[in-house]
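Each chain, letter by letter, is given below.
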Amino acid sequence: METARATVKATAKVFDMFATQIYADKYTAIVRELVANAIDAHTAAGKNETPVKVWLPDEFDPYFRVTDTGIGMSHEFMMTKFMAYTDGSTKDQSNDQIGGWGIGSKSPFSYTDQFVLVSVHDGVRSVYSVFKDEDSIPAIALLSQEETTDANGVEVSFPVETHHFNLFREATEKVVPFFTPLPNVVNHPVEAVKYDQLGAGWGIINKTRDFHVVMGGVRYPIEMAKLPYELRTNERLNPFFQCGLDLYVPIGSVSITPSRETLLYSDLTNQTITDKLEEIIDEVVASIPTMFENEPSLWAATVAMHEEIGGEYHIGRGKLVTQHARWRGQEIKQYLKPTATLGVEAWKFELSRRAHKVPPAHWEYGLGVTPHRIDYVIYDDLEPSSKNANIARIRLWGENNLRRGQEVLVLRGKDALEAYGNPQDVILTSDLPKPERTKYAKAQRANVRAFGWSPSSRWDAKFRHHLEEIPCPEEGVLVVLDNFSPREPGLETRIRSELVSSDRLVFVNKVDAKHLKHFTPFDKAYKAAFDAALSRYPTLPQAKALLQDEHLRPLFQYIDRLPGEPRPNTPLGKIFALHQQFIKPAVGAPAVLQDAVKPKLPPRINGERLAEAFKTKQWKAKALLDTNYLSDPLKQLLKEFI
């Protein structure tokens, strides 16, 4: 029978597929591929412990670089094998090196049309330009060649746009921590990955749900839905799928896509994941039963377990911990619910939302509690009183010490503390002060209802829901409400400005305001505070006028970056003088002052003419260029005169 073999035509479209379309995240791909190739070069040279170097771009050196001191590449190799896609790798038969497709070395093409490669090999230093030719097909050209005494190695570099600096930094932070040895990143420190639990060939990062395979320093996410059904439903193994586990496997033990971004879920991959989980499960679980052994009580162990797993009791690592955690042989659960034992009673409460009062006592047998939610535990060690004197002590303490949302557990009975796992820092009723009957009764029956409000609270139509009733103080700044709502528009802005401290404010309804005539009205207190604050920023009107000049504003914003005081007769010196005289004294003025003050022109200044002077004066402005906030035209203008 007549047969024919498939062919691939070398077109720009085909090469663009390998360079751009193959990568979902080109920044991460470039960092990963170039660093992996550099580490492979060190492996080939027997320098497994020597880190490669990565240079991140910045304003003064806007190039991304990766350098190794491996074996280098000969000129013959560069002009043949290096440019061969899918046929240029020397590593596809080796499990000692990461590569295997011959594609990653050209990954910079996903970002740029040209990059530079410098190779030192056997005493010869060769500089190459790797570029896309007029047909958009990758090509290579030798730029220079000379003898050298430098050690063998390769450097790959290309320029990076300013607005892409952060993307390469973030990609480096994401990729580099998993390589061994950790690459040396210049201009930005990057640390090796830190695991909360670490074993032979595995590591767990607490309070995360990711599941990865790490092979050759490259971290591949595992998609649980693509794993075999029998593995996903394995009750013994599936807690590992959402516990922040990284499995370290030898090179070649899982299948990957050509982009090296994802796994191929082949029989090899699935079997490796299964075998590795079976291998580590006993080691991971072995440390859990003794994790909380040193806690002083079962109560403390329950709180510690919650903090350890972040409250995720039923998935991932939380499920493993809750299944196996013990405290001195006792099972640790997320909540404590003692059996209904005669003589052991519990009462749980928090302050009421509106009245800021402790509710009436409600004692229960066998009350279940979640220890990490309890802020205070009180043990009633006094004899019961027919007049509820013990309850009165607790209520007085609560109303004087608790904040909204805090929960209190009150226990009584001989074995109550033991029944609830012996909580720490227990408050005894006998240590609480006795209420003074007349004073306490008066506080409950105040003639004027006064309220407090926190600046962190919302300000809306249901304003009353964010007020807390307080005992009426003897003095303060009075804010009058109309049926529990603010009366004046703009009141929120003035109150939130904190020119008048919120601690001094007392909110009352207008029907009660007549009883507090000795209080200072809020408008009067605010005006005095406003005038006092404005006196501390005498140049604020002039500063506002100067900052409205579009030619001066960018220079004022960064004048403090200058390494020293400029000469007074230069354009920069004039800007500096204006900044020192008007802008600097106005820095830090509250927003309400800035909004209220009208601009007032300082001595006449022509900002446009002053900016034009930069075109004719020579001065050093490198400090101003070290920022991403100056406009591009202004940056270009400054660069022309450095």
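Description of the structure in this document. Positions within a chain are numbered from 1, following the residues in the order the chain's sequence is written. Given that the model is predicted, a residue must reach a pLDDT of at least 70 before its local features are reported, and side-chain atom pairs must reach 80 or more before they are shown or counted; all residues, however, enter totals for whole chains, interfaces and linings. Side-chain measures were taken over the full set of non-hydrogen atoms in the model, leaving aside hydrogen atoms and water.

### A short note on the overall build of the protein chain
Okay, so step 1: Helices and strands together make up the secondary structure of the protein chain, namely 21 helices and 26 strands.
Okay, so step 2: Going through the 642 residues of the protein chain one by one, you find that 46% of them count as buried.
Okay, so step 3: Note on definitions: a residue-residue contact is assigned when non-hydrogen atoms from the two residues lie within 4.5 Å. Of the contacts made within the protein chain by residues no fewer than 6 positions apart, 70% connect residues no fewer than 24 positions apart.
Okay, so step 4: Surface exposure of the protein chain reaches about 35,300 Å², of which carbon and sulfur atoms provide 49%. Helix and strand labels come from DSSP, where a helix needs a run of H or I of at least four residues and a strand needs a run of E of at least two; each type is numbered from the N terminus. Three exposure classes are used, based on accessible area relative to the maximum for each residue type with a 1.4 Å probe and protein chains only: buried under 20%, partly exposed in between, and exposed over 50%. Surface accessibility in these figures is a Shrake-Rupley result with a 1.4 Å probe; residues are shielded only by whichever protein chains are displayed.

### Some thoughts on helix 14 (residues 522-535)
Okay, so step 1: Here helix 14 is 14 residues long and its end C-alpha atoms lie 20 Å apart, about the 20 Å a rise of 1.5 Å per residue gives.
Okay, so step 2: Looking only at helix 14, the buried set comprises Phe522, Ala525, Tyr526, Ala529, Phe530 and Ala533. The buried residues of helix 14 all sit within an arc of 135° when viewed along its axis, so they share a single face. More than 90 degrees from the buried face of helix 14, the exposed residues found are Lys524, Lys527, Ala528 and Ser535.
Okay, so step 3: The elements touched by buried residues of helix 14 are strand 23 (477-482), helix 12 (491-496), strand 25 (505-509), strand 26 (520-521) and helix 18 (591-596). Expected helix span is taken as 1.5 Å per residue step, with the number of steps being one fewer than the number of residues. Comment: arc refers to directions from the helix axis out to C-beta atoms.

### Description of the nonpolar core
Okay, so step 1: What is meant by a nonpolar core is a set of buried Ala, Val, Leu, Ile, Met, Phe, Trp, Tyr and Cys residues, joined one to another through side-chain atoms within 4.5 Å. Among the nonpolar cores identified, the biggest contains 95 residues, and Phe64, Leu245 and Leu277 are the most heavily contacted of them.
Okay, so step 2: If you tally residues by element for this core, the top one is helix 2 (residues 26-44), at 9 residues.
Okay, so step 3: Ala543, Leu546, Leu578 and Val592 belong to the second largest nonpolar core, which has 37 residues in total.

### Things to note about the sheet that holds strand 11 (residues 218-221)
Okay, so step 1: Two strands make a pair as long as DSSP finds a minimum of two bridges between them. The sheet built from 5 strands is open, its strands ordered 8-9-12-10-11 with mixed pairing. Each having just a single partner strand, strand 8 (197-199) and strand 11 make up the two edges of the open sheet. Taking the axes of each pair of neighbouring strands and ignoring which way they run, one obtains an average angle of 20° across the sheet.
Okay, so step 2: Note that strand 10 (residues 211-215) and strand 11 share 4 bridges and pair antiparallel. For Val214, the partnering residue across the bridge sits in strand 11 and is Arg219.
Okay, so step 3: Helix axes are fitted only over the stretch in contact, all axes being lines through C-alpha atoms; the angle between N-to-C directions runs from 0 to 180 degrees. Each of strand 8, strand 9 (202-204), strand 10 and strand 12 (245-249) is contacted by helix 6 (residues 267-286), which is oriented at about 115° to strand 12, the strand it contacts most.

### Observations regarding empty space enclosed by the protein
Okay, so step 1: Cavities and pockets were defined on a 1 Å grid built over protein atoms only: a cavity is a set of grid points that admits a 1.4 Å probe from which the probe cannot escape, a pocket is an open set flanked by protein on both sides within 12 Å along at least five of seven lines, and lining residues are those with an atom within 4 Å of any such point. Grid points are joined across faces, edges and corners, and a volume is the space filled by probe spheres set on the points. Within the structure shown, the criterion is met by 3 cavities of 30 Å³ or more.
Okay, so step 2: Estimated volume of the largest cavity: approximately 80 Å³.
Okay, so step 3: Every residue along the wall of the largest cavity is listed here: Asn206, Lys207, Thr208, Gln242, Cys243, Glu308, Ile309, Glu312, Ile315, Arg317 and Gly318.
Okay, so step 4: Of all elements in the fold, only helix 7 (298-309) and helix 8 (316-324) reach the threshold of two or more residues within the lining of the largest cavity.
Okay, so step 5: Its residues assigned to classes, the lining of the largest cavity shows 3 nonpolar, 4 polar and 4 charged. Three classes are used, and their members are as follows: Ala, Val, Leu, Ile, Met, Phe, Trp, Tyr, Cys and Pro are nonpolar, Asp, Glu, Lys and Arg are charged, and the others, Gly among them, are polar.

### Some details on the environment of Pro568
Okay, so step 1: Counting through the fold element by element, Pro568 comes out in the loop between helix 16 (553-557) and helix 17 (571-583).
Okay, so step 2: A relative accessible area of 62% means that Pro568 is categorised as exposed.
Okay, so step 3: Sequence-distant contacts of Pro568, that is, excluding residues within four places in its chain, are made with Gly573 and Lys574.

### Digging into the packing of aromatic side chains
Okay, so step 1: The aromatic pairing rule takes the rings of Phe, Tyr and Trp, using the six-membered ring of Trp, and pairs them if the centres are within 6.5 Å, calling planes under 30 degrees apart stacked, those over 60 edge-to-face and the rest tilted. One pass over the full model with this rule turns up 15 aromatic pairs.
Okay, so step 2: Their ring planes at 45° and their centres at 5.9 Å tell us that Tyr111 and Phe158 sit as a pair that is tilted. One end of the pair, Tyr111, is in the loop between helix 3 (75-79) and strand 3 (114-121); the other, Phe158, is in strand 6 (residues 153-159), with 47 residues separating them in the sequence. In this structure, Tyr111 and Phe158 share a single accessibility class: buried.
Okay, so step 3: Note on Tyr376 and Trp397: the rings are 5.2 Å apart at their centroids and 85° apart in plane angle, and the pair reads as edge-to-face. Taken as a pair, Tyr376 in strand 18 (residues 376-379) and Trp397 in helix 9 (residues 389-401) lie far apart in primary sequence, 21 residues in all.
Okay, so step 4: Judged by relative accessible area, which is 27%, Tyr376 ranks as partly exposed.
Okay, so step 5: Through successive ring pairs, a cluster of aromatic residues spans Tyr27, Phe64, Tyr111, Phe158 and Phe168.
Okay, so step 6: For a lysine, the NZ atom is tested; for an arginine, the CZ atom; a charge sits over a ring if that atom is within 6 Å of the ring centre and within 35 degrees of the ring normal. Positioned above the aromatic ring of Phe82 is the side chain of Lys106, whose terminal nitrogen or guanidinium carbon lies 5.1 Å from the ring centre.

### Side note on the side chain of Thr539
Okay, so step 1: Note on placement: Thr539 falls in the loop between helix 14 and helix 15 (540-547).
Okay, so step 2: Those residues within four positions of Thr539 in sequence are excluded, and the remaining contacts are Gln581, Phe582, Pro585 and Ala586.

### Some remarks on unusual backbone geometry
Okay, so step 1: Omega for the peptide link from Thr180 to Pro181 comes to -5°, which places this bond in the cis form.
Okay, so step 2: Residue position: Pro181 is located in the loop between helix 4 (165-175) and strand 7 (184-186).
Okay, so step 3: For Asn187, which is not a glycine, the phi torsion comes out positive at approximately 80°.
Okay, so step 4: Mapped onto the elements of the fold, Asn187 is located in the loop between strand 7 and strand 8.

### Re the packing of helix 7 against helix 8
Okay, so step 1: The geometry of helix 7 relative to helix 8 is characterised by a closest axis approach of 9 Å and an angle of 160° between their N-to-C directions. Taken together, the axis directions place helix 7 and helix 8 in an arrangement best described as roughly antiparallel. Helix 8 is crossed by helix 7, and the crossing has right-handed handedness. Two secondary-structure elements touch here, helix 7 through Met305, Glu308 and Ile309 and helix 8 through Arg317, Gly318, Val321 and Thr322. Reported orientations rely on four angle classes, namely roughly parallel under 35 degrees, roughly antiparallel over 145, roughly perpendicular from 65 to 115, and oblique for the rest. With the far helix as reference, a near helix turned anticlockwise by less than a right angle produces a left-handed crossing, and one turned clockwise produces a right-handed crossing.

### Some thoughts on helix 6
Because each turn of an α-helix spans 3.6 residues, side chains separated by three or four positions end up pointing in the same direction.
Okay, so step 1: Compared with the 28 Å implied by 1.5 Å per residue over 20 residues, the 30 Å span of helix 6 between its first and last C-alpha is a close match.
Okay, so step 2: Along helix 6, the helix axis deviates most sharply at Ile280, where the bend reaches about 40°.
Okay, so step 3: Within helix 6, burial applies to Thr269, Asn270, Thr272, Ile273, Lys276, Leu277, Ile280, Ile281, Val284 and Val285. Throughout, bend refers to the angle between the axes fitted to the seven residues that end at a position and the seven residues that start at it.

### A word on the sheet that holds strand 19 (residues 408-412)
Okay, so step 1: The strand order 17-19-18-20 describes an open sheet built from 4 strands, whose pairing is mixed. The two strands at the open ends of the sheet, each matched to only one other strand, are strand 17 (345-349) and strand 20 (427-428).
Okay, so step 2: Note that strand 18 and strand 20 share 2 bridges and pair parallel. Across the sheet, residue Ile378 finds its bridge partner in strand 20, namely Ile427.

### Things to note about the pairing of strand 4 (residues 124-132)
Okay, so step 1: Of the pairings in the sheet, the one linking strand 3 to strand 4 comprises 8 bridges and is antiparallel in character. Paired with Val120 across the strands is Arg125, a residue of strand 4.
Okay, so step 2: Hairpin connection between strand 3 and strand 4: a loop of 2 residues separates the two successive antiparallel strands, and Asp122 in this loop has a positive phi of roughly 50°.
Okay, so step 3: Counting the residues between successive antiparallel strands, the hairpin from strand 4 to strand 5 (residues 138-147) contains 5 residues, one of them, Ser136, with a positive phi of roughly 60°.

### Notes on the packing of helix 2 against helix 4
Okay, so step 1: Two elements in contact, helix 2 and helix 4, have axes whose closest approach is 8 Å; the angle formed by their N-to-C orientations is 55°. Our classification of the angle between helix 2 and helix 4 gives oblique. Like other packed secondary-structure pairs, helix 2 and helix 4 cross with a definite hand, here right-handed. In this structure, helix 2 uses Tyr27, Thr28, Ile30, Val31 and Arg32 to contact helix 4, whose residues at the interface are Leu167, Phe168, Ala171, Thr172, Lys174 and Val175.
Okay, so step 2: Counted by class, the contact of helix 2 with helix 4 contains 7 nonpolar, 2 polar and 2 charged residues.

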